[in-house]
Amino acid sequence: MTAPNTPAKHYLLRWYRTTDGGTRWIEIGRIGQSTAFHGNASFVSASDGWVLWSTHVPRLWHTTDGGRHWTHWVMNTPDHSPVRFARIDFVNTLYGWAVTVHGQLFITQDGGKMWTIES
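The rules behind each value
- Residues numbered from 1 in each chain as written.
- Predicted model: local features only at pLDDT ≥ 70, side-chain atom pairs only at ≥ 80, totals over all residues.
- Heavy atoms only, no water.
- Phe/Tyr/Trp six-rings, centres within 6.5 Å; stacked < 30°, edge-to-face > 60°.
- Helix = DSSP H or I, 4+ residues; strand = E, 2+ residues; numbered from the N terminus.
- Buried < 20%, exposed > 50% of the residue type's maximum accessible area, 1.4 Å probe, protein only.
- Salt bridge = Lys/Arg side-chain N within 4 Å of Asp/Glu carboxyl O.
- Pairing = 2+ DSSP bridges.

Novice: Would you explain the packing of aromatic side chains in this entry?
Specialist: Centre-to-centre distance and the angle between the planes together describe a pair of aromatic rings. Inspection of every chain in the model, using the stated rule, returns 3 aromatic pairs. Geometrically, the ring pair formed by Phe 43 and Trp 70 is edge-to-face, given 6.4 Å between the ring centres and 90° between the ring planes. One end of the pair, Phe 43, is in strand β3 (residues 38-43); the other, Trp 70, is in the loop between β5 (58-63) and β6 (71-73), with 27 residues separating them in the sequence. Of the residues examined, Trp 70 reaches a relative accessible area of 14% and is grouped as buried. Among the aromatic residues, those joined into a cluster by ring pairs are Trp 50, Phe 90 and Trp 115.

In structure tokens, the structure reads:
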């Protein structure tokens, strides 16, 4: 995952893949553009993964083909309140955790479709 700084000071998230241990890298996809960037990725296999890309509004992206195609997912909570996730981690295709910028812990049991707060 990279976020190169372009002359207009916008960040473009690019994905690269290697099949030879890192000798050669091939760009396989791009996600969005913004003036600010922070986030992380969590892959549970070579094909299935999530990217949390935070600009001013965090965005969750999911791939099932190793990053060639991405689907934007709305991060729903039971009360539909806006939540600013800072980090995510998935252990398989269904179960994952997210921490907000304020330290709250959320869990998903459906692959990121719905998030509930852990108390």
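Novice: So what exactly am I meant to see when it comes to the pattern of salt bridges here?
Specialist: Where charged atoms of side chains with opposite charge meet at close range, the side chains can pair. Inspection of the entire model under this criterion finds 1 salt bridge. Salt-bridge contacts for Asp 20 lead to Arg 24; the nearest nitrogen and oxygen are separated by 3.4 Å.

Novice: Explanation requested: the sheet that holds strand β7 (residues 85-90) in the structure shown.
Specialist: Sheet strands pair by backbone hydrogen bonding; their relative direction is either parallel or antiparallel. One open sheet holds the 4 strands; their spatial order is β7-β8-β9-β10, and the pairing between them is antiparallel. Strand pairing shows two members of the sheet lacking a second neighbour, β7 and β10 (116-117), which therefore form its edges. Sheet analysis places β7 next to strand β8 (residues 96-100), joined by 5 bridges and oriented antiparallel. Paired with Arg 87 across the bridge in β8 is Val 99.

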